[in-house]
Amino acid sequence: MFLGNTGAVAVAAGLSTARNALRPDPLKLMSMVPPAPQDSVQDSAAPAVAAAPPSRAGLRRSSPPATGAALLLLTVGMAVATHSVVRYKLWIVAVYTILALALGLWVLSGSARKAADPDEAPAGTWLRPLLNSTRTAPLEWIGGALAATFVLVAVFQVTVRPYTYLTPGQGWLTRWIYAGAALVLALGIALSTVRRRLAPALVALGLTAVAYVVAAALLIHWDPTPKIDVWVTLQQASDGILDGKNMYTQDWSNSPGVQDAFTYLPFTALLLAPGRWFAGDVRWALMVVTLLGALAVLMLGRPGRREPGAGSSGGTADPVMPIRALVATGAAGLLLVLPGTATQVEQAWTEPLLMACLAGWALAVRRRKMVLAILCLALGVASKQHLTVLLPVLAVWPVFGWRRVIATAGLAGVFVLPWFIASPPDMIHDTVTMLVNFQPLIFADTLFIAAINELSWTPPFFLTGAAVLITLGSAIRRVHRQQPDLANVLRWAALVLFVANLVNKQAFYNQYWLVAALVVISLAAARYPHPAAPNQAPEPETNADSVASGA
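Note that the structure is predicted; figures quoted are calculated from it, not measured.

### Describing the overall build of the protein
So, step 1. Secondary structure summary: the protein contains 25 helices and zero strands in total.
So, step 2. Across the 551 residues of the protein, 55% fall into the buried class.
So, step 3. Within the protein, counting contacts between residues at least 6 apart in sequence, those at least 24 apart form 79% of the total.
So, step 4. By element, 66% of the accessible surface of the protein is carried by carbon and sulfur atoms, the whole surface being about 23,000 Å².

### Focus on unusual backbone geometry
So, step 1. Positioned with a positive phi, Asn 254 is a non-glycine residue whose angle comes to about 60°.
So, step 2. As for its position among the elements, Asn 254 is in the loop between helix 11 (229-242) and helix 12 (266-279).
So, step 3. Note on Asn 254: relative accessible area 76%, which makes it exposed.
So, step 4. In the Ramachandran plot, Arg 368 falls in the positive-phi region, its phi being about 65° despite a non-glycine side chain.

### Looking at the state of the cysteines
So, step 1. Scanning all chains against the criterion turns up zero disulfides.
So, step 2. Left without a disulfide partner, Cys 357 is nearest to the cysteine sulfur of Cys 376, which lies 6.7 Å away.
So, step 3. Accessibility expressed as a relative area gives 15% for Cys 376, which makes it buried.

### Points about the pattern of salt bridges
So, step 1. Within this structure, the stated rule accounts for four salt bridges.
So, step 2. Measuring nitrogen to oxygen at the nearest pair gives 3.0 Å for the salt bridge that ties Asp 239 to Arg 276. Of this pair, Asp 239 sits in helix 11 while Arg 276 sits in helix 12, placing them 37 residues apart in sequence.
So, step 3. You can call Arg 276 partly exposed: its relative accessible area is 26%.
So, step 4. One salt bridge connects Glu 351 with Lys 384, and the closest N-O pair in it is separated by 2.5 Å. On the criterion of sequence distance, the pair formed by Glu 351 in helix 16 (residues 351-366) and Lys 384 in the loop between helix 17 (370-381) and helix 18 (391-395) is long-range, its members being 33 residues apart.

### Remarks on the nonpolar core
So, step 1. Core analysis: the largest hydrophobic core is formed by 157 residues, its most contacted members being Phe 262, Trp 361, Trp 397, Phe 400 and Phe 498.
So, step 2. Take this core: its biggest share by element is 14 residues, from helix 24 (residues 509-525).
So, step 3. Within the second largest apolar cluster, nine residues are counted, among which are Tyr 88, Ala 450, Ile 452 and Phe 508.

### Concerning empty space enclosed by the protein
So, step 1. Per the stated rule, a full pass over the model turns up five cavities of 30 Å³ or more.
So, step 2. When its volume is computed, the largest cavity comes out at roughly 110 Å³.
So, step 3. Together, 13 residues line the largest cavity, and Tyr 212, Thr 290, Gln 344, Val 345 and Pro 352 are the ones closest to its centre.
So, step 4. Broken down by element, the lining of the largest cavity gets its largest block of residues, four residues, from helix 13 (residues 282-300).
So, step 5. Residues of the lining of the largest cavity, tallied by class, amount to nine nonpolar, three polar and one charged.
So, step 6. For the second largest cavity, the calculated volume is near 50 Å³.
So, step 7. Lining the second largest cavity, in full, are Leu 358, Trp 361, Leu 390, Leu 394, Val 489, Leu 490, Ala 493 and Leu 518.
So, step 8. Secondary structure elements with two or more residues in the lining of the second largest cavity: helix 16 and helix 23 (486-502).
So, step 9. Counting residues per element, the lining of the second largest cavity draws most heavily on helix 23, which supplies three residues.

### Quick notes on a nonpolar patch on the surface
So, step 1. There is a patch of nonpolar side chains on the surface, built from Val 86, Tyr 163, Tyr 165, Ile 442 and Phe 443 and spanning about 420 Å² of accessible area.
So, step 2. With respect to the helices and strands, Val 86 occurs in the loop between helix 5 (64-84) and helix 6 (90-110).
So, step 3. For Val 86, a relative accessible area of 39% puts it in the partly exposed group.

### Side note on the side chain of Ser 255
So, step 1. Locating Ser 255 in the fold gives a position in the loop between helix 11 and helix 12.
So, step 2. Not counting residues within four places of it along the chain, the set of residues in contact with Ser 255 comprises Asp 229 and Val 232.

### A look at the confidence of the model for the protein
So, step 1. Confidence in the prediction of the protein, expressed as mean pLDDT, is 84, and 78% of residues score 70 or more.
So, step 2. When the criterion is pLDDT under 50, residues 310-319 qualifies, and its contacts beyond four places in sequence or with other chains add up to 24 contacts.
So, step 3. Overall, residues 535-549 carries pLDDT values under 50, and its contacts beyond four positions in sequence, including any with other chains, amount to 31 contacts.

### Examining the packing of aromatic side chains
So, step 1. Counted according to the given criterion, the structure contains twelve aromatic pairs.
So, step 2. One aromatic cluster is present, formed by Tyr 248, Trp 252, Phe 262 and Tyr 264 through successive ring pairs.
So, step 3. The aromatic ring of Trp 172 is capped on one face by Arg 175, whose charged end is 4.6 Å from the ring centroid.
So, step 4. A cation over an aromatic ring shows up here: Lys 227 above the ring of Tyr 165, its NZ or CZ 5.1 Å from the ring centre.

### Examining the environment of Leu 363
So, step 1. Along the chain, Leu 363 turns up in helix 16.
So, step 2. Accessibility expressed as a relative area gives 13% for Leu 363, which makes it buried.
So, step 3. Sequence separation between Leu 363 and Ala 373 is ten residues, and the spatial gap between their C-alpha atoms is 7.8 Å.

### Some words on the packing of helix 12 against helix 13
So, step 1. Between helix 12 and helix 13, the least distance of the axes is 6 Å, while the angle of their chain directions is 125°. Of the possible angle classes, the one that applies to helix 12 and helix 13 is oblique. Helix 13 is crossed by helix 12, and the crossing has right-handed handedness. Here helix 12 contributes Leu 272, Gly 275, Arg 276 and Ala 279 to the contact with helix 13, which in turn contributes Val 282, Trp 284, Ala 285 and Leu 286.

### What about the packing of helix 22 (residues 461-482) against helix 23?
Think of two packed helices as two axes; the pair is described by the angle between the axes and how far apart they sit.
So, step 1. It is the contact of helix 22 with helix 23, at a shortest axis distance of 9 Å, that shows an interaxial angle of 170°. Considered as vectors, helix 22 and helix 23 are oriented roughly antiparallel to each other. Contacts between helix 22 and helix 23 involve Ala 467, Val 468, Thr 471, Leu 472, Ser 474, Ala 475, Arg 478 and Val 479 from the former and Trp 492, Leu 495, Val 496, Val 499 and Ala 500 from the latter.
So, step 2. The residue makeup of the contact of helix 22 with helix 23, split by class, is ten nonpolar, two polar and one charged.

### Quick notes on the side chain of Thr 67
So, step 1. Positionally, Thr 67 belongs in helix 5.
So, step 2. The exposure class of Thr 67 is buried, given its relative accessible area of 3%.
So, step 3. Sequence-distant contacts of Thr 67, defined by excluding residues within four places in its chain, comprise Ser 62, Ile 142, Leu 523 and Tyr 528.

Quick notes on the rules
Residues numbered from 1 in each chain as written. Predicted model: local features only at pLDDT ≥ 70, side-chain atom pairs only at ≥ 80, totals over all residues. Heavy atoms only, no water. Helix = DSSP H or I, 4+ residues; strand = E, 2+ residues; numbered from the N terminus. Buried < 20%, exposed > 50% of the residue type's maximum accessible area, 1.4 Å probe, protein only. Contact = heavy atoms within 4.5 Å. Areas by Shrake-Rupley, 256 points an atom, 1.4 Å probe, with all protein chains shown as cover. Disulfide = S-S within 2.5 Å. Salt bridge = Lys/Arg side-chain N within 4 Å of Asp/Glu carboxyl O. Core = buried A, V, L, I, M, F, W, Y, C linked by side-chain atoms within 4.5 Å. 1 Å grid on protein atoms, 1.4 Å probe; cavity = no way out; pocket = protein on both sides within 12 Å on 5 of 7 lines; lining within 4 Å. Points joined across faces, edges and corners; volume = space filled by probe spheres on them. Nonpolar A, V, L, I, M, F, W, Y, C, P; charged D, E, K, R; others polar. Patch = residues over 30% accessible without salt bridge, like charges linked within 9 Å, V, L, I, M, F, W, Y side chains within 5 Å. pLDDT = per-residue confidence, 0-100. Phe/Tyr/Trp six-rings, centres within 6.5 Å; stacked < 30°, edge-to-face > 60°. Lys NZ or Arg CZ within 6 Å of the ring centre and 35° of its normal. Axes fitted to C-alpha atoms, helices over the stretch in contact; angles between N-to-C directions. Parallel < 35°, antiparallel > 145°, perpendicular 65-115°, else oblique. Left-handed = near helix turned anticlockwise from the far one by under 90°.

Structure (structure tokens):
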């Protein structure tokens, strides 16, 4: 597509100076925080007995109530998405719309800066004791919210039936495996919270990964040929790569849907083809990339060598376990057991590949490995064209910046260039014009389909495009002006994709799953209050924390 035309030029301009231009500049990172008043600078040089300097605007930390509410809404939303597969209901669209509005309010509040001193509820209100409790014991509140979330996930796994071609008995067994894994995670998180050690949660995550592999293996074995065009096209495109065929000129045999087009960008097939080549099914590769994505999310909670707290052991032996380490462990597990995971695996939906690319990008940005971040993001963009809509948001974020976005676009262009050169009309038809002109699917749960089903009105293309552009413009403006941290940038990306799904002619569980996955990754990347050691007051936030944790 257009990335192919500009690929070589962009790489020559963007990557030739990568080692120097992409290396983070501490002075630029410090400039992300407004300068302190002169008297503050003078006070900071005074002896330790002097009064503390006035606080200045810093990045917000994720509060326990907000984290708990996000986990609850996300879990309920994915249960609704599980029920929605091949089923249109107006109430489902209404739920999605409410969740999108809630996400919008969350990112608007989370991307704003605040004074270092936390806001307090007005004196005498009934909220004050509750809010004070979340501030004095943030670890207990967030750990409890995580454990309760996994219990709720287990309930949804066995009560909300997913779309499947398995027999009732086979379906029940796989769902109980996922439910059991969720309960194991709930127990591990609870034990880690009580004991203030990360080991129980890590053990639970390991057992959950094993359960995920077992359930995926059963799904692939019991449904070896799922009746969905995604799986057919990926299987036959993988075979075509070995034979030197162009996937954009192939026709698909026995496809229940699309038969003469490959609607993804080429790296979707190329990255998943090893599953077909070595194990006979691309779903094995999807299982592997899901685990790799979960591993990247887990590592987001462990400080790198250049981060504050890098000398700690990640909470396994320290008297105070970092909250982010616990949340990242839970987030990694959540990606493996979300409601509807069985359908995701069985249908060979490709969003886990994008999740792994974005999780790798987030981890690389957090660790200041910017060349690796460019590579991960370029792999995602070269796999599915929808991710290009996120590039303008990342271009105005100072931590990543427009030069790295140009390098990403150029590298993605180089990746897809061979297929574009081989047959430009076929590639443009399959990946652009066919999708634009594709007929609306009346069983999709979007506002576009709701207008058709409920009002007998087909919204014009400019109206749906305007909704996406307004959301994208708002994200660009807020990210540029507020310079939020990595977690809120991920949530802005989730909001842009969420709105794009809601106004689309077709959007299903897998597209909404990617939105949920970005929110989950953001939880692992977020900044949380410092937990206190037993019998100690919580550690106050400092301006140094705000600067160091800008990513």
